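Structural characterization, general
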There are 2 protein chains.
Amino acid sequence: MERIEIDTATEKKEGLAGEHFRLLHRSEGTPARRGVVRTFHGEIQTPAFMPVGTLGSVKGMSPEDLERLGARIILGNAYHLYLRPGHEFIARRGGLHSFIGWNRPILTDSGGYQIFSLNLLTKVTDEGVTFQSHLDGSRHFITPEKAIEIEEGLGADIIMAFDECLPYPSDYAKTAASLERTLDWARRCKAAHRREDQFLYGIVQGGFYEDLRKKGAEGLLEIGFDGIAVGGLSVGEPQEQMLHILDEVVPLIPEAFPRYLMGVGTPEDLVEGVMRGIDLFDCVLPTRHARTGSLFTSRGEVHIKNARYTEDDRPLDADCGCYTCRNFSRAYLRHLFMAKELLAIRLNTLHNLYYYLTLMEGLRQAIEKDRLGSFRNEFYQKRNPEIEGAEPEA
Amino acid sequence: MERIEIDTATEKKEGLAGEHFRLLHRSEGTPARRGVVRTFHGEIQTPAFMPVGTLGSVKGMSPEDLERLGARIILGNAYHLYLRPGHEFIARRGGLHSFIGWNRPILTDSGGYQIFSLNLLTKVTDEGVTFQSHLDGSRHFITPEKAIEIEEGLGADIIMAFDECLPYPSDYAKTAASLERTLDWARRCKAAHRREDQFLYGIVQGGFYEDLRKKGAEGLLEIGFDGIAVGGLSVGEPQEQMLHILDEVVPLIPEAFPRYLMGVGTPEDLVEGVMRGIDLFDCVLPTRHARTGSLFTSRGEVHIKNARYTEDDRPLDADCGCYTCRNFSRAYLRHLFMAKELLAIRLNTLHNLYYYLTLMEGLRQAIEKDRLGSFRNEFYQKRNPEIEGAEPEA
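Bear in mind that the values here come from a model prediction, so they are computed numbers and not experimental data.

Cut-off values and rules
- Residues numbered from 1 in each chain as written.
- Chains lettered and ligands numbered in written order.
- Predicted model: local features only at pLDDT ≥ 70, side-chain atom pairs only at ≥ 80, totals over all residues.
- Heavy atoms only, no water.
- Contact = heavy atoms within 4.5 Å.
- Buried area = accessible area lost by both parts, 1.4 Å probe.
- Salt bridge = Lys/Arg side-chain N within 4 Å of Asp/Glu carboxyl O.
- Polar contact = N/O pair within 3.5 Å; in protein donor to acceptor, adjacent residues only side chain to side chain.
- Helix = DSSP H or I, 4+ residues; strand = E, 2+ residues; numbered from the N terminus.
- Nonpolar A, V, L, I, M, F, W, Y, C, P; charged D, E, K, R; others polar.
- Pairing = 2+ DSSP bridges.
- Axes fitted to C-alpha atoms, helices over the stretch in contact; angles between N-to-C directions.
- Buried < 20%, exposed > 50% of the residue type's maximum accessible area, 1.4 Å probe, protein only.
- Phe/Tyr/Trp six-rings, centres within 6.5 Å; stacked < 30°, edge-to-face > 60°.
- Domains from an automatic or database assignment.
- Core = buried A, V, L, I, M, F, W, Y, C linked by side-chain atoms within 4.5 Å.
- UniProt positions renumbered as here; feature names shortened; annotations may be inferred.
- Lys, Arg positive; Asp, Glu negative; His and termini not counted.

**A look at the interface of chain B and chain A**
- With 37 residues of chain B in contact, the opposing surface of chain A contributes 37 residues.
- Both sides of the chain B and chain A interface together cover about 3300 Å² of buried area, and 53% of this is carbon and sulfur.
- Its largest share of buried area at the contact with chain A, chain B owes to His335, Glu341 and Leu342 of chain B, together 17% of the area lost on that side.
- Measuring nitrogen to oxygen at the nearest pair gives 2.5 Å for the salt bridge that ties Arg68 of chain A to Glu64 of chain B.
- Across the contact surface, chain B and chain A share 20 residue pairs in polar contact (both at pLDDT 80 or more).
- Secondary structure elements with two or more residues in the side of chain B that touches chain A: helix H2 (63-69), helix H4 (87-92), helix H5 (96-100), helix H13 (323-327), helix H14 (330-338) and helix H15 (342-368) of chain B.
- When residues of the side of chain B that touches chain A are assigned to their parent elements, the largest contribution, five residues, is made by H14 of chain B.
- Residue classes in the side of chain B that touches chain A are distributed as 17 nonpolar, eight polar and twelve charged.

In structure tokens form, the structure reads like this:
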């Protein structure tokens, strides 16, 4: 893990602005690149994975845990934090960094995805969205301006424009109309945003229609953002379809912009996303799977509750250097999981996040050394259940 | 926290036996003493508190967490480990130390307390106990010999004789008969015990009857054990009654024996137990209370879900040096707890265990410096809700 520290917190945004993203190295023969995203709470070496801290903590992990794992940036959910404990509450505590004790960069989403995906929606108009809280059923009205107010209150380093998220699949006419709305909301977010110490990213929507995605990307570039995200992917489509959209969209985003693929994904998705020029990823998979006993290893996923691991005294992943793999056996991890011991979740989460963050470190090094193609081949070869020593799951 | 390390694992029991407990300093004017309990996995500075690792983990804490907190010894529950994953299973993994990745001393109770207190009892005879598993209702028959077999399989450094535990209150006749049985079982445990690298402690029973307690202590000394525990206390009686029994029992135990007060207790109980010459304590209070949001501080217990802490930006305990108090506010701890975030349990447990272990460190230093009386006074003064800066709970 990298341990580069720079104190950028006192720099002025003007000093950083032209260089929010710095390109360090272009991959030979692929759109992949090594870069660095600079914020007022420090730098993020890219491509990077951002652990998800929904409610002001990455589930079960302390800031110290995350630092020791090498996480450089975490994500917070504006929707959840708006409802509990509230953005004004957090602003009074000096913002999210201060409240949660995390002094490295934070990115907040705008809440759009949660409002649309948690089925809480009561009404969408061009003006904004009315929804009911999943906690107490209370009604809330969120406009693009309100979303920015919330994100400014939270005070993350990178904030996202408010967008409309469609279910999958959605037809062309519906997707086209929704894209217009998302672009209009993006414009209003840009106009509403005031904080000089935050970078605002727009989100390309447009479903699985190439011409709409093109329109979405061009619209955002015209408005002007600090970074460009690709949204509305990993919503139930086959991976091939997601990668096709990336192949279409990424070339439309100029090299100077950091590119963020929202809510993605599996280890395979990260490798393929990086290959296609993505710089930032976030996903609940490593933390959520940890809680259900699905563990990511260099040879594939291990479902630790499987009876085959009952008396398996080997480490989860002999190739892994994490605390869990250095100290405990599969038999112990399975025992903890079956007995519903809290330590199971802790050890599983430490491992899964280490796996994701180490995979990204491997990808960064491979880009630097112009060996991304062979890194990718080795990644898939190891996962091939036919090779010696591999253990296909029953 | 002390960080004294000695490698005793390769010593022979014969070399240690005469000195399983070494007395370092007698308190002036009280029965309290500073000592060291020596085992094949290292030393324990006494008086000491042992965090409870019921099922092969102290709930939510990794071995690294416990080492950083300064824990020198943890407790395992033979009853729980016998049922899941089983003592033979653990023996095949090289014993509990190896299975759970904890290389410092471990003490296992014999399972008696759980069998009697979890209301699983179906039948007690002089031969042994028949009970039903709380997991699947399966029937099991445990004799003193079987209890020793289980504890030898687990392989802890200190193991406990199998005893009968009575409900509170129990009448004289019942208590007297039960004491006879416990003494008979103690004799059989001693006869059955083979492992040279384990120290076997007897348990003084006898309820709240002074003459029976005397008989219990004398009976154990006649049989011969490596240490003497006081059982059957903190079972619902007023603290005064418990302390009275300690006042009666402790003087009956020769100075050369480590004295262990089982399943006790509150911070006040620890201070009073130490004052009366107790060397070892264990209790689920700090870990269990952590999970329900009750936090021990130098000024008393804080119930973190109390609305008064909603916007309280102060640390939980300004006098505390734990990770939680150094990095987070009461407002954040309350938010995590109310949102049922896993990190709440982690931060609360780190704090409560640190509080208990630091209290014991303070008691050890006070004994060494012959200022136990003033330590005790300061302990109670700080907890007085009338003094400046104190915050009585509503």
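**Brief notes about the sheet that holds strand S9 (residues 139-142) of chain B**
Residue and element names in this part refer to chain B.
- Taken in spatial order, the three strands line up as S7-S8-S9 in an open sheet, and their pairing is antiparallel. Edge positions in the sheet fall to strand S7 (121-124) and S9, since each of these pairs with one other strand and no more. Neighbour-to-neighbour, the strand axes of this sheet turn through a mean angle of 15°, independent of strand direction.
- By the bridge criterion, four bridges tie strand S8 (residues 129-132) to S9 in an arrangement that is antiparallel. Its bridge partner being in S9, Thr130 is matched across the sheet by Phe141.

**Focus on the packing of helix H15 (residues 342-368) of chain A against helix H16 (residues 372-383) of chain A**
Residues and elements named next belong to chain A.
- Where H15 contacts H16, the axes come no closer than 8 Å and their chain directions differ by 145°. Only Leu372, Phe375, Phe379 and Arg383 of H16 make contact with H15, whose side of the interface consists of Tyr355, Leu359, Gly362, Leu363, Ala366 and Ile367.
- The residue makeup of the contact of H15 with H16, split by class, is eight nonpolar, one polar and one charged.

**Description of the pattern of salt bridges**
- Tallying each qualifying case throughout the model produces 64 salt bridges over all chains.
- A salt bridge links Arg38 of chain B to Glu43 of chain B, with the shortest nitrogen-to-oxygen separation between them at 3.6 Å.
- Of the residues examined, Arg38 of chain B reaches a relative accessible area of 7% and is grouped as buried.
- On the basis of relative accessible area, Glu43 of chain B is assigned to the buried category, the value being 14%.
- Three or more residues are tied together by salt bridges with common partners; here these are Glu127, Glu145, Asp184, Arg187 and Arg188 of chain A.

**A short note on the packing of aromatic side chains**
Residue and element names in this part refer to chain A.
- With the rule as written, the count across this model stands at 28 aromatic pairs over all chains.
- A centroid spacing of 6.0 Å and a plane angle of 10° characterise the contact between Phe40 and Phe199, whose relative ring orientation is stacked. One end of the pair, Phe40, is in the loop between strand S2 (33-39) and strand S3 (42-46); the other, Phe199, is in strand S11 (residues 199-204), and 159 residues separate them in sequence. Here the two residues Phe40 and Phe199 agree in accessibility, since each one is buried.

**Notes on the domain arrangement of chain A**
Residues and elements named next belong to chain A.
- Partitioning chain A into domains gives domain 1 (9-282) and domain 2 (290-379).
- Between the C-alpha centres of domain 1 and domain 2 the distance comes to 27 Å.
- Contact with domain 1, which involves 33 residues of that partner, is made by 20 residues of domain 2.
- Here domain 1 packs against domain 2, burying approximately 2400 Å² in sum over the two surfaces, 75% of which is carbon and sulfur.
- Area buried by domain 1 at its contact with domain 2 is led by Leu69, Pro267 and Val271, which between them contribute 25% of it.

**Concerning the nonpolar core**
- In this structure, Phe49 of chain A together with Phe49 of chain B are the most contacted members of the largest nonpolar core, which totals 203 residues.
- Discounting residues that sit within four places of it in the chain, Phe49 of chain A has contacts with Ile73, Leu270, Phe281, Asp282, Cys283, Pro286, Leu353, Tyr356, Leu357 and Met360 of chain A.

**A look at the UniProt feature "active site" (unreviewed entry) in chain A**
All names here are of chain A.
- Taken from the UniProt record, the annotation "active site" (unreviewed entry) applies to Asp109 and Asp282. A maximum C-alpha distance of 10.4 Å among these annotated residues, which run over 174 residues, shows that they cluster at one spot.
- In this view, Asp282 contacts Phe49, Met50, Val52, Leu75, Tyr260, Leu261, Met262, Gly263, Val264 and Gly265; residues no more than four positions away in its chain are not counted.

**A few points about the side chain of Glu151 of chain A**
- Residue position: Glu151 of chain A is located in helix H7 (residues 144-154).
- Notably, Glu151 of chain A is buried but unbridged: the nearest opposite-charge side chain belongs to Arg195 of chain A, and the N-O separation is 11 Å.

**So, the sheet that holds S2 of chain A**
Residues and elements named next belong to chain A.
- Ordered by their spatial adjacency, three strands build an open sheet running S1-S2-S3, and the pairing between neighbours is antiparallel. Each edge of the sheet is formed by a strand with only one pairing partner; in this case those strands are strand S1 (21-26) and S3. With strand direction ignored, the average angle separating the axes of adjacent strands in the sheet is 15°.
- Judged from the five bridges that link them, S1 and S2 form a sheet pairing that is antiparallel. Pairing of Arg22 across the sheet is with Val36, part of S2.
- Running over the sheet, H15 touches S1, S2 and S3 and is turned about 120° from S2.

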